[in-house]
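# Structural characterization, general
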Amino acid sequence: MPVLIRPARPADAADLVAWNVAMARETERKALDPATVRRGVEAVLEQPRRGFYLVAEVDGAAAGGLLVTYEWSDWRNGDFWWIQSVYVVPAARRGGIFRALHAAVAQRAAAAGAVGLRLYVETENQRAQQTYEGLGMQRCHYYMYEAMLDGPNHS
């Protein structure tokens, strides 16, 4: 099945929100607040400095997507592109959707002069880890830490 990869448009916001909510539920058993996710998706669509979404279409229907954000590396004097919020609708899984999305990100990143691609994956999501390794990505030697902050934009 041919896969078309295109930049997300404002009309894709509802799908992107639904996919983010579904991905969190499926991979981490987390219930996200759809209103908060909608504001987050719209913030990216309205302010490209935050990143961009790509959407995969099959036969004219949206079948998946992802978010790319940027991390400056002073060590390498360039940006890493972070692949986030990956989702493929269940009926389209194992059909090359993520492979096509990944190739589109890699091509765009190389053209923009990025120094590399990164993503994080839930530690127990073996299927996703195998997929990423199959695309030539390697597990890095860093642990990820976080500290959530209270504020009006957080839920």
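I will try to describe carefully the structure that is included in this document.

Parameters and conventions
Residues numbered from 1 in each chain as written. Predicted model: local features only at pLDDT ≥ 70, side-chain atom pairs only at ≥ 80, totals over all residues. Heavy atoms only, no water. Helix = DSSP H or I, 4+ residues; strand = E, 2+ residues; numbered from the N terminus. Rg over C-alpha atoms; globule rule 2.2 N^0.38 Å. Buried < 20%, exposed > 50% of the residue type's maximum accessible area, 1.4 Å probe, protein only. Polar contact = N/O pair within 3.5 Å; in protein donor to acceptor, adjacent residues only side chain to side chain. Core = buried A, V, L, I, M, F, W, Y, C linked by side-chain atoms within 4.5 Å. Contact = heavy atoms within 4.5 Å.

### Observations regarding the overall build of the chain
Of the regular secondary structure elements, the chain holds four helices and five strands. The secondary structure elements of the chain, listed N-terminal to C-terminal, are β-α-α-β-β-β-α-β-α. Taken over the C-alpha trace, the chain has a radius of gyration of 15 Å; the compact-globule value for 155 residues is 15 Å, and the two agree within 12%. When its C-alpha atoms are laid out on the principal axes, the chain stretches across 45 × 40 × 30 Å.

### Considering the side chain of T36
With respect to the secondary-structure elements, T36 resides in helix α2 (residues 34-46). The class for T36 is buried, based on a relative accessible area of 19%. Reaching out from T36, the side chain makes a polar contact with the side chain of D33 at a distance of 2.7 Å.

### Considering the nonpolar core
Among the nonpolar cores identified, the biggest contains 24 residues, and L54, L66, W81, I97, L101 and V105 are the most heavily contacted of them. For this core, the secondary-structure elements that each account for two or more residues are β2 (52-58), β3 (61-73), β4 (78-88), α3 (97-112) and α4 (126-134). At six residues, the largest contribution of residues to this core is made by α3. Beyond its immediate sequence surroundings of up to four residues, L66 is in contact with F52, Y53, L54, I83, Q84, S85, V86, F98, L101 and V105. A13, V17, V37 and Y53 belong to the second largest nonpolar core, which has 15 residues in total.

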